[in-house]
Amino acid sequence: MIKKFVKKYFESFAFFYSFLGYRIFIIVGFNLLIGILDGFGLTMFLPLLQMVDGSSNVDSDSMGKLSFLVDFLQNSGIPLNLFSVLVFMAFFFFAKGITQYLAGIYKVSVQQWFMKRLRVSNIRGLNNLSYKYFVTSDVGRIQNTLTGEIGRISIAFTNYFKALEYGILVMIYMAFAFSVDAQFAVLVTIGGVLTNFLYKSLYKNTKGISRTLTGETNVFQGLIIQNVANYKYLKATGSLKRYAEKLEESVKGIEKSNKKIGKLEALLTAGREPILISVVVAVIFIQTTYLGSQLGPILISLVFFYRALNYLMQMQVRWNKFLSVSGSLENIVDFGKELRANKETKGKEELKGPVERFQLRDVSFYYDETIVINKISLEINSKETVAFVGESGSGKTTLVNIIAGLLPIDRGEFLINGLNSRQMDVRSLQKRTGYITQDPVIFNDTVFNNVSFWDEKTETNLRRFWKAVQQAAILDFIEELPDREDEILGNNGTNLSGGQRQRISIARELYKDVEILILDEATSALDSETERAIQQNIDELKGKYTILIVAHRISTVKNADRIVVMSKGKITNIGAFKSLIESSPYFKKLVELQEV
Ligand code: ADP
């Protein structure tokens, strides 16, 4: 029972504490101070009330335990008159105002610092993520968590700390109320607790819906991303409408959940006050009619109570708002754990000197239970050009990704310059690798930035740039652009042809100082003339880089030093073009087919 209570209220506290540390207690301290100053200020109303009938006598007894305030003033020789009481009242409220201002500034800076840390920790988590985890996970969820959910966490933060602040104020005002008139306080508290049961079930509901909402939003984000990514296909095949229907269903679900949460919130906000006032009215009536109590202390106690109740209501509104986004908190906690759990395992040793040799010995790789690379042994030497062919799904891309250090092997050994891949810091290999994929990567920026990856535009870098674009056979095109290298390639390069996009991304890799070039079906989007031009350039690069080509087209592999023929995760043949035609019937058939 206690464990459950602690878990319920302090899980979120633990989450914030893990980020904020001692700062949480400074915020709490500020709130305590604000409440106490406010309480002292309000207490000054009691002597004022006693002066209502014109008398200047203050009877400190009727202030209950708070009489020490008035006694203190009297004992320190300050005359207790209208003027001094008003001055003290003003002093307390000014001090409260100043504290509130400082607390506000402090809270905002802590919140922004918290958001920054959360964002940075997620960015780092994403950057350190293992590629295998990334390709097998839900992109919609990752995207949603990194963008939308972070916004919701900010709302969660604000509301959690508001609720905490109000909770502290409630406790302080209650303490003041009890000090002035304990009987009244006890009766109202009993009434308040009873009404609280009414709200319990509402909270539970809100939390449930919040979880559903997070799930629905993840699904929606995923659908939208795929909609954009596959837009051309969906449009060309007339499937946009069907897809839009799916999206709309998802939108409707989100609307429904949000409406439900909104309705519950409206009920909570509107219902609380009338219910509590009924309790207060009943208690005052009972006390004055049957218990013969004085109205003065009741009134001051009521003022405190009213403040306490007001903050209690606000606290509950805030808490409910917090709960409505707490699904995101759980999500981001899980997400953070997941990112850490799926961190890329990398060794400590840096790869030194140029890459001389890749050695794979009985290497196997699995996706879940499915074996994708099956006991492959292969050696690749520096500056060799090796092409991988085989039917789709035979494991070509996976094998090349293993060599690029993107995917860790499950069985066997993978050595680079004799260094075991498990001991190696894969980044030291990846920094030397250029990767040209089937989908050229174009950033929303100038040609120069796309190729140089935001290098400074110095003369040396410009020379490197022009050399790279020339090697990638896109020099003429860039020179004819209105702004030349400063032309913006908008919207993932939609203003370029497939071939041009490909050539820009080839130029980017050539601009880098890489040793290994990986071309994954790199020439698939090219017309045959451009392909020939690039082929020529690749042939020129031959011997200067270690080149790994994943290709279907025979023309791209013709000049490779060695061709690796793959089938069902295994290597069936290795050899130069001519010898393979003799030794591999599959390869021979492939060549014949394409020559036709
Ligand atoms: P290729 O490049 O020869 O077409 P791949 O290396 O891309 O083949 O894929 C090899 C096998 O691995 C295929 O059967 C494919 O279904 C499987 N595979 C690829 N990526 C994933 C993934 N992210 N999750 C599960 N299986 C995958």
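## As for the nonpolar core
Right, so step 1: Grouped together as the largest cluster of nonpolar side chains are 79 residues, with contacts concentrated most on F16, L20 and F114.
Right, so step 2: Broken down by element, the residue count for this core peaks at 17 residues, all from helix α7 (residues 139-180).
Right, so step 3: F16 has contacts with G21, I24, F114, A156, F157, Y160, F161, F322 and L329, leaving out every residue within four places of it along the chain.
Right, so step 4: Membership of the second largest hydrophobic core comes to 41 residues, among which are A387, L510, I538 and V591.

## Quick word on empty space enclosed by the protein
Right, so step 1: This model, assessed by the stated rule, comprises 4 cavities of 30 Å³ or more.
Right, so step 2: Space inside the second largest cavity adds up to approximately 40 Å³.
Right, so step 3: For the second largest cavity, the full set of lining residues is Y199, L268, T269, R272, M313, Q316 and V317.
Right, so step 4: When its residues are assigned to classes, the lining of the second largest cavity shows 4 nonpolar, 2 polar and 1 charged.

## A look at the site of the ligand
Right, so step 1: As a matter of local geometry, the ligand sits amid V135, T136, Y367, V372, E391, S392, G393, S394, G395, K396, T397 and T398.
Right, so step 2: Contact between the ligand and T398: an oxygen atom at 2.4 Å from a side-chain N or O atom of the residue.
Right, so step 3: Elements represented by at least two residues in the shell around the ligand include exactly α6 (131-136) and α12 (396-403).
Right, so step 4: By residue number, the principal contributor to the shell around the ligand is α12, which donates 3 residues.
Right, so step 5: When the residues that make up the shell around the ligand are grouped by side-chain class, the tally is 3 nonpolar, 7 polar and 2 charged.

## Side note on the sheet that holds strand β5 (residues 419-420)
Right, so step 1: Spatial strand order, β2-β1-β4-β5: 4 strands in an open sheet with antiparallel pairing. Only two strands of the sheet have a single neighbouring strand rather than two, namely β2 (370-381) and β5.
Right, so step 2: Of the strand pairs in this sheet, strand β1 (residues 357-367) and strand β4 (residues 411-416) are connected by 5 bridges, and their pairing is antiparallel. Bridge pairing in β4 links L360 to F414.

## Examining unusual backbone geometry
Right, so step 1: Residues other than glycine seldom take positive phi values, yet W454 does so here, at roughly 60°.
Right, so step 2: Examined against the element boundaries, W454 turns out to sit in the loop between α14 (447-452) and α15 (459-471).
Right, so step 3: The class for W454 is partly exposed, based on a relative accessible area of 42%.
Right, so step 4: Even without being a glycine, K568 presents a positive backbone phi close to 50°.
Right, so step 5: Within the secondary structure, K568 is located in the loop between β11 (562-567) and β12 (570-575).

## Quick word on the environment of V28
Right, so step 1: Mapped onto the elements of the fold, V28 is located in helix α2 (residues 23-43).
Right, so step 2: Spatially, the C-alpha atom of V28 lies 7.7 Å from that of I168, the residues being 140 residues apart in sequence.
Right, so step 3: Leave out the neighbours within four places in its chain, and V28 touches L164 and I168.

## Focus on the packing of aromatic side chains
Right, so step 1: As enumerated under the stated definition, the model contains 32 aromatic pairs in all.
Right, so step 2: Consider the rings of F577 and F587, whose centres lie 5.6 Å apart with planes at 80°: the pair is edge-to-face. One end of the pair, F577, is in helix α21 (residues 577-583); the other, F587, is in helix α22 (residues 585-595), with 10 residues separating them in the sequence.
Right, so step 3: Cation over ring: R464 sits above Y511, and NZ or CZ is 4.1 Å from the ring centre.

## Considering the sheet that holds strand β6 (residues 433-436)
Right, so step 1: Overall, mixed pairing links the 6 strands, which are arranged β6-β9-β10-β3-β11-β12 in an open sheet. Taken across any chain shown, the strands that pair with only one partner, and hence form the sheet edges, are β6 and β12. Going from strand to strand, the sheet's axes swing by 15° on average, the running direction of each strand aside.
Right, so step 2: Pairing of β11 with β12 involves 5 bridges; the strand directions are antiparallel. Bridge assignment links I563 to a residue of β12, and that residue is G575.
Right, so step 3: Helix-sheet contacts for α12 involve β3 (385-390), β6, β9 (516-520), β10 (546-550) and β11, and the interaxial angle to β3 is about 150°.
Right, so step 4: Sheet strands touched by helix α18 (residues 498-511): β6 and β9. Its angle to β6, the strand with the most contacts, is close to 175°.

## Thoughts on the pattern of salt bridges
Right, so step 1: Applying the stated rule across the entire model yields 20 salt bridges.
Right, so step 2: When the shortest N-O distance is used, the salt bridge between R152 and E149 registers 3.2 Å. Pair noted here: R152 and E149 are both in helix α7, with a separation of 3 residues, about one helical turn.
Right, so step 3: Taking relative accessible area as the criterion, R152 reaches 18% and is therefore assigned buried.
Right, so step 4: With relative accessibility at 1%, the residue E149 sits in the buried group.
Right, so step 5: Here K162 makes a salt bridge to E165, at a shortest N to O gap of 3.6 Å. Placement of both K162 and E165 in helix α7 is noted, with a separation of 3 residues, approximately one turn of the helix.
Right, so step 6: Looking at K162, the relative accessible area reads 24%, which means it is partly exposed.

## Overview of the side chain of T99
Right, so step 1: Within the fold, T99 resides in helix α5 (residues 82-127).
Right, so step 2: Those residues in contact with T99 that sit more than four places away from it in its chain are F30, L33, I34 and L37.

## Some details on the domain arrangement of the chain
Right, so step 1: You can read the domains of the chain as domain 1 (2-341) and domain 2 (357-593).
Right, so step 2: In this complex, domain 1 contributes 6 residues to the contact, which on the side of domain 2 involves 8 residues.
Right, so step 3: When the two sides are added together, the surface that domain 1 and domain 2 hide from each other amounts to roughly 530 Å², 61% of it contributed by carbon and sulfur.
Right, so step 4: Area buried by domain 1 at its contact with domain 2 is led by N128, Y131 and K132, which between them contribute 82% of it.
Right, so step 5: Between domain 1 and domain 2 we count 1 salt bridge in total.
Right, so step 6: A salt bridge links D410 to K132; its shortest N-O distance comes to 3.6 Å.

Criteria and cut-off values
- Residues numbered from 1 in each chain as written.
- Predicted model: local features only at pLDDT ≥ 70, side-chain atom pairs only at ≥ 80, totals over all residues.
- Heavy atoms only, no water.
- Core = buried A, V, L, I, M, F, W, Y, C linked by side-chain atoms within 4.5 Å.
- Buried < 20%, exposed > 50% of the residue type's maximum accessible area, 1.4 Å probe, protein only.
- Helix = DSSP H or I, 4+ residues; strand = E, 2+ residues; numbered from the N terminus.
- Contact = heavy atoms within 4.5 Å.
- 1 Å grid on protein atoms, 1.4 Å probe; cavity = no way out; pocket = protein on both sides within 12 Å on 5 of 7 lines; lining within 4 Å.
- Points joined across faces, edges and corners; volume = space filled by probe spheres on them.
- Nonpolar A, V, L, I, M, F, W, Y, C, P; charged D, E, K, R; others polar.
- Near = heavy atom within 4 Å.
- Polar contact = N/O pair within 3.5 Å; in protein donor to acceptor, adjacent residues only side chain to side chain.
- Pairing = 2+ DSSP bridges.
- Phe/Tyr/Trp six-rings, centres within 6.5 Å; stacked < 30°, edge-to-face > 60°.
- Lys NZ or Arg CZ within 6 Å of the ring centre and 35° of its normal.
- Axes fitted to C-alpha atoms, helices over the stretch in contact; angles between N-to-C directions.
- Salt bridge = Lys/Arg side-chain N within 4 Å of Asp/Glu carboxyl O.
- Domains from an automatic or database assignment.
- Buried area = accessible area lost by both parts, 1.4 Å probe.

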